[in-house]
Structures are given as structure tokens and as C-alpha cells.
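# Chain and residue survey
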Amino acid sequence: MSDLFDHAMNERMRSEAPLAARMRPRTMDEYIGQEHIIGPGKLLRRAIETDRLFSSIILCGPPGTGKTTLAQVIANQTKSHFETLSAILAGKSDLREVIDQAQERNRLYKQRTVLFIDEIHRWNKAQQDALLPFVENGTVTLIGATTENPFFEVIKALVSRSRIFQLRNLNQTEIGTLLERAIDDRERGYGQRQVNLTPEARAHLVDMASGDARNALNALELAVESTQPDENGIIQITLDVAQESIQRRAVLYDKDGDAHYDTISAFIKSVRGSDPDAALYWLAKMIYAGEDPRFIVRRLIILAGEDIGLADPMGLVVASSAAQAFDFIGLPEGIYPIVEATLYLATAPKSNTAGAYFKAMQRIEEEGAGSVPKHLQDGNRDREATGQGQGYMYPHEAEGHFTPQQYLPKRLLGTYFYTPSAEGYEAQIGSRLEMWRDAQKKALGIESEVFLPNLSQDQIDNLKRNIK
């Protein structure tokens, strides 16, 4: 009797489920999109259709691209026992129960178990470690789904034992096909009602969905369920109705995920590349998605030092002032100083000569730190006995407030870490510095010059790790 009640309850839940859940594809032929991994003849499709999914897989991609749906298609296709866990709700005890049952099932019936873990990145390292031995020995075949980059959010041991398949946002044709299927399907969609989706409304829903199938179907459901039929019994989904049903474009932006890092990267690269229009676009996306403006302005301050530098020293002043102004004002008006800083830095002359610092650090890493020349040492402690500080010439007592003397360790004389650019204010610095260096060479008898080449970004990143 309980089975009868359970069956009735499950049937009712299926009929009352959201449209996006009801319209999930049940077979490979119903599945829309992701042709690059499950198109005809592709490896994953062959493995699913022949029920030979022996190695674990991880499906990664934005929301609404069909990761969970693909797992359910595999569940419908396979003769293996299929188990599902949500990493949001399940813990190690739930995993232990699934593993025990899988071992018993294999021992008694020689039946494999496929374990689908949704949002696998939500499990911490210890939870993922607990799964690893049973993936290794074949107790379960893992299907993991994640919206994050698995190479960062899933432990390396699991990644190395899995095939990674990246799902992409659906294109507009595919989203349109899903909408039409939902309207025509008599069993799971709105085929038993008369629904007229105008071309303008269809185009709006497709465009606003931003490649997210769930978002498109949710909007269609809201439009249909909230619109009364006309005198002819037809539910007219016009552009106005569609706009009300999906008022905001779905913006993929998880503050701890790939979209966060990709967007701030695009923003900084646009400012660095002197494209104020692109910079404003990515800035608007971040603010629209709820990014902390303080995070944005901190990155602008870094950029002002790293990419503008002495080509326009006011860049750092403007960026720092924007940070202070935002803290004083807050949103919404506080966006203006951030916009001003963005536009100023995007249109300023560029120089990355501040990176000369890392050339000096590299030299110290390779050769060790040189001793401070005696005339530069502090003479306040024991000048008479040790001679520290003796022979130092005070530049302000010389004409032009400059006097040539040794400042680097002797073995580094003639080594130049800093090469001024010819951009903006730094061009003026270059002419002054050339004059001072010539005078220094003559005074110290420096015969050869060593201008160090710029470091690669990888070299700079390695050196940054040593900055405490």
C-alpha cells in the first residue's frame, strides 16, 4: 500500500514540477546543445549509448547548460545502478552509505554503481578525499557536476582520474528550440493549451536567457501561467508579457567562481589596453551583478602603479582618491569616482616600468644581497671608530642638487634596472636620468653599462611570492 501512495505522490510531484524540470530530456535524441562533446560519433555519446561509461567524468560549465540533465540521460540509458547525491545537502555519512550499498550490490549481483554528485565543488577537501579510494578501485563510477573550474575546485587526485567535459552556454537557436518544444509538448509542456508566442517575444526571451536553458523555460512558464486567455481561448505571449517575465538579463557571476575572475581580468586588461568603452562595459557588468566596488577600486589602484606608473603619476592619486571618495559616499552616487578613475586610467599614457623592482629582486635572489657601501651606511652609531658614513656627499649642497657618487654595491656598478619609457611625464624623467647617469659614469670610471631586459609575467609572479 505504501508503494502505491509513494507512486501517486511521485507522479503528482512530476506533474507539479516547474516547467524546466518537466522538460528535461530523457534520451540523447531529446538532448539539445553541447554538440562538441555529445554530437554524433563523439566519445562521450558513444560511451553513453553503448552503456560503457567505465571511467569517471566531471561535467563543468555555467548554470542551465545541461549538466544535471546529461547525468539523468545517462541514468536512463545505463544498466548500472544509478545513485545521486547533492554536495550541498549530503556529507561523508551519506557517501559512506552509498559506498556500502555499492559494494554489497557488486558482491551479490556483479552490478556496477554510477554515482552522480551535483555541485561537487561544494564538498571540502576531506569529503572529496573520502570519495577518492572508491573511485580508484572502481566501487563507483563518478559523474561530478560543477559550475566552477574543476582544476581549482576539485582535488587533483579526482581530476586526474576523471575525464573533464566542459559544457557551453546554449546558442540562441538552441534556446529557441527548447521554447518551441515546451509550447508544443502535450505531455510535459503546454501542448494541451493554445499558446501563441509572438516572434518579438520569442526573440526577447531567447536573448535575455543568456544561453541558460533553465532561465528561458522559467520565464516562459511565468508568462504562460500569469496570462489569461483571450476571447478565443488563446494565451497571447507578447513582447510586453515577455519583458515582464524576464525583467533582468541573467548575468553569470559567482563572486568566488570563474566568472568573477574572468570579468575582473577583462576589466583590467581593457583599462591597460586603453579601451575606455570596454572598461565601462565590464565595470557595469560587475556592479550589476553585485560585485563589491571596493574590490574593483583596489584593483584600479594596483593598475595605476603597475601599468600607468610614472607616465602619469596622477593616475595613482586619482585611483586612491576614488577609493576614499567611495568610502565616504557609498552607492549609488559613489560609482561616479570609480567611473572617473576608470576613464582616467584607461585614457592615460601607459608605462610598466615599476616592474624594474622585480629585476632588482631577481638579482638578489640569484646572487644574494650586496653589502652597503661604507659611505652610505648610518654614521650616527659609531662614525669615528668604524668610518661608517664617511665620504658621503650631500646632494643638496651641490649645484642642481645632484652630485655623482656610488650608490650600488661595487660589483653592480653600471647595472641599470630602470629604463624610463618615452610615454607622458616619464619622457621628461628619461632626459634627466640620462644626464645624471652620464655624470655618474664619468665620476666613478664606469666603462660598461648593463641594461637588464624586462621580465616575463611568469618571472614576476614567481618573485611576487617572496613579498611578505
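The preceding data block contains the structure.
Residues numbered from 1 in each chain as written. Predicted model: local features only at pLDDT ≥ 70, side-chain atom pairs only at ≥ 80, totals over all residues. Heavy atoms only, no water.

### Some words on the overall build of the protein chain
- When helices and strands are counted, the protein chain shows 22 helices and nine strands.
- Whereas a compact globule of 468 residues would reach a radius of gyration of roughly 23 Å, the protein chain reaches 32 Å, over 25% beyond that.
- Overall size of the protein chain, expressed as C-alpha extent along the three principal axes, is 105 × 65 × 40 Å.
- Of all 468 residues assigned to the protein chain, the portion counted as buried reaches 43%.
- For the protein chain, the accessible surface area stands at approximately 26200 Å², while carbon and sulfur atoms represent 51% of it.
- Taking the 53 positively charged and 64 negatively charged side chains of the protein chain as two groups, their mean positions are separated by 6 Å. (Helix = DSSP H or I, 4+ residues; strand = E, 2+ residues; numbered from the N terminus. Rg over C-alpha atoms; globule rule 2.2 N^0.38 Å. Buried < 20%, exposed > 50% of the residue type's maximum accessible area, 1.4 Å probe, protein only. Areas by Shrake-Rupley, 256 points an atom, 1.4 Å probe, with all protein chains shown as cover. Lys, Arg positive; Asp, Glu negative; His and termini not counted. Charge placed at Lys NZ, Arg CZ, Asp CG, Glu CD.)

### Focus: helix α10 (residues 172-184)
- For α10, with 13 residues, the first-to-last C-alpha span of 18 Å sits near the 18 Å given by 1.5 Å per residue.
- All buried positions along α10 are accounted for by Glu174, Ile175, Gly176, Leu178, Leu179, Ala182 and Ile183.
- Where α10 is buried, its residues touch α2 (19-22), β6 (195-197), α11 (199-208) and α12 (213-225). (Expected span 1.5 Å × (residues − 1). Contact = heavy atoms within 4.5 Å.)

### Structural notes on the packing of helix α16 (residues 293-308) against helix α17 (residues 314-329)
- Two numbers describe how α16 lies on α17: the axes approach to 8 Å, and their chain directions differ by 165°. On the basis of their axis angle, the class for α16 and α17 is roughly antiparallel. Remark: the crossing between α16 and α17 carries left-handed chirality. Facing α16, whose interface residues are Pro293, Arg294, Val297, Leu300, Ile301 and Ala304, α17 presents Gly315, Leu316, Ala319, Ser320, Ala322, Ala323, Phe326 and Asp327.
- Split by residue class, the contact of α16 with α17 holds ten nonpolar, two polar and two charged. (Axes fitted to C-alpha atoms, helices over the stretch in contact; angles between N-to-C directions. Parallel < 35°, antiparallel > 145°, perpendicular 65-115°, else oblique. Left-handed = near helix turned anticlockwise from the far one by under 90°. Nonpolar A, V, L, I, M, F, W, Y, C, P; charged D, E, K, R; others polar.)

### Focus: the pattern of salt bridges
- Applying the stated criterion across every chain yields a total of 20 salt bridges.
- For glutamate 49, the salt bridge is made with arginine 45, and the minimal N-O distance between the two is 2.9 Å. Here the residue glutamate 49 and the residue arginine 45 both occupy positions in helix α4 (residues 43-49), the gap between them amounting to four residues, near one helical turn.
- Residue classification places glutamate 49 among the partly exposed residues on the basis of a relative accessible area of 40%.
- Residue classification places arginine 45 among the buried positions, given a relative accessible area of 13%.
- One salt bridge in this structure joins arginine 202 and glutamate 180, with 2.8 Å as the shortest N-O distance. Here arginine 202, found in helix α11, pairs with glutamate 180, found in helix α10; they are 22 residues apart in sequence, far enough to count as distant.
- One continuous salt-bridge network, built from bridges that share partners, spans Arg26, Glu30, Asp185, Glu187 and Arg188. (Salt bridge = Lys/Arg side-chain N within 4 Å of Asp/Glu carboxyl O.)

### Let's talk about the nonpolar core
- By size, the foremost hydrophobic cluster in this structure holds 30 residues, and its most contacted members are Ile175, Leu179 and Ile237.
- For this core, the elements supplying multiple residues, two or more each, are α2, α10, β6, α11, α12, β7 (235-237) and α13 (239-245).
- The dominant element in this core, judged by the number of residues it contributes, is α12, at seven residues.
- Sequence-distant contacts of isoleucine 175, that is, excluding residues within four places in its chain, are made with Leu170, Val206, Ala209, Gly211, Asp212, Ala213 and Ala216.
- Counting 25 residues, the second largest nonpolar core, distinct from the first, contains Phe267, Val271, Met286 and Ile338. (Core = buried A, V, L, I, M, F, W, Y, C linked by side-chain atoms within 4.5 Å.)

### Brief notes about the environment of tyrosine 190
- Tracing the backbone through its elements, the reader meets tyrosine 190 in the loop between α10 and β6.
- Residue class for tyrosine 190 comes out buried when judged on its relative accessible area of 1%.
- Look past the residues within four positions of tyrosine 190 in its chain and what remains in contact with it is Leu19, Arg22, Ala182, Ile183, Asp185, Val195, Glu221, Val224 and Glu225.

### Some points on unusual backbone geometry
- Cis rather than trans, the peptide bond between leucine 331 and proline 332 has omega equal to 10°.
- Here proline 332 shows up in the loop between α17 and α18 (335-347).
- Positive phi, normally seen in glycine, also occurs at lysine 110, with a value near 55°.
- Relative to the assigned elements, lysine 110 resides in the loop between α6 (92-109) and β3 (113-118).
- Classification of lysine 110 by relative accessible area gives exposed; the value is 67%.
- With phi around 55°, histidine 401 is a residue other than glycine that occupies positive phi space.
- Along the chain, histidine 401 falls in the loop between α20 (383-386) and β8 (415-416).

### Brief notes about helix α19 (residues 356-367)
- When the terminal C-alpha atoms of α19 are compared, their 17 Å separation across twelve residues agrees well with the 16 Å that a helix rising 1.5 Å per residue should span.
- Of all the residues in α19, the buried ones are Ala356, Phe358, Lys359, Met361 and Arg363.
- Along its buried surface, α19 packs onto β8 and α22 (457-464).
- Just past α19, the residue glycine 368 takes up positive phi, approximately 85°.

### Overview of the pairing of β3
- With respect to burial, β3 is a largely interior element, five of its six residues being buried.
- Direction of pairing for strand β2 (residues 81-86) relative to β3: parallel, over a ladder of six bridges. The partner of glutamate 83 across the bridge, within β3, is leucine 115.
- The parallel pair β2 and β3, bridged by α6, forms a crossover whose chirality is right-handed.
- Where β3 lies against strand β4 (residues 141-146), five bridges are found, and the strand directions are parallel. Within the sheet, the bridge partner assigned to valine 114 lies in β4 and is threonine 141.
- Between the parallel pair β3 and β4, the chain is carried across by helix α7 (residues 125-136), and the sense of this crossover is right-handed. (Pairing = 2+ DSSP bridges. Right-handed = clockwise from strand over helix to strand, strands pointing away.)

### Describing the side chain of histidine 204
- Relative to the helices and strands, histidine 204 resides in helix α11.
- For histidine 204, a relative accessible area of 16% corresponds to the buried category.
- Leave out the neighbours within four places in its chain, and histidine 204 touches Leu239, Ala242, Gln243 and Ile246.

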